[in-house]
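A closer look at the structure
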Amino acid sequence: MTAILPERPTVLDELPPMPATAPPVILPGLLSAVGLTERRVPAWITDPDLIQSILAGHVDIPDELIPQEASCTP
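Rules used throughout
Residues numbered from 1 in each chain as written. Predicted model: local features only at pLDDT ≥ 70, side-chain atom pairs only at ≥ 80, totals over all residues. Heavy atoms only, no water. Helix = DSSP H or I, 4+ residues; strand = E, 2+ residues; numbered from the N terminus. Buried < 20%, exposed > 50% of the residue type's maximum accessible area, 1.4 Å probe, protein only. Contact = heavy atoms within 4.5 Å. Areas by Shrake-Rupley, 256 points an atom, 1.4 Å probe, with all protein chains shown as cover. Core = buried A, V, L, I, M, F, W, Y, C linked by side-chain atoms within 4.5 Å.

On a plain count of helices and strands, the protein comes out with two helices and two strands. Order of helices (α) and strands (β) in the protein, N terminus to C terminus: α-β-α-β. Within the protein, buried positions represent 11% of all 74 residues. Within the protein, counting contacts between residues at least 6 apart in sequence, those at least 24 apart form 36% of the total. Working note: accessible area of the protein is about 6,600 Å², and carbon and sulfur atoms make up 63% of it.

Here it is in structure tokens:
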């Protein structure tokens with residue numbers, strides 16, 4: 001007979017349960033990283049070389065620095 005050890009608690013066990021009616025949360029950075037959406041360039045970045053680097057995926061801008069209404073892609 002083999003005993004099965006109980007699973008160890010994780011950090012996720014401390015989170016409250018998600019309501020069944022809640023929409024799924026998908027981070028924009030994840031979608032752009034896998035190529036499903038276009039990378040966003042903040043409006044405050046004006047250097048064309050930096051913009052091209054961001055669009056090519058060489059430079060990553062944290063989502064906190066990209067306001068939803070102020071983002072643009074040339």
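Here we take up the nonpolar core. Of all hydrophobic cores here, the largest spans six residues; its members are Val41, Ile45, Ile51, Ile54, Ile61 and Ile66. Beyond its immediate sequence surroundings of up to four residues, isoleucine 61 is in contact with Pro42, Ile45, Ile54 and Ile66.

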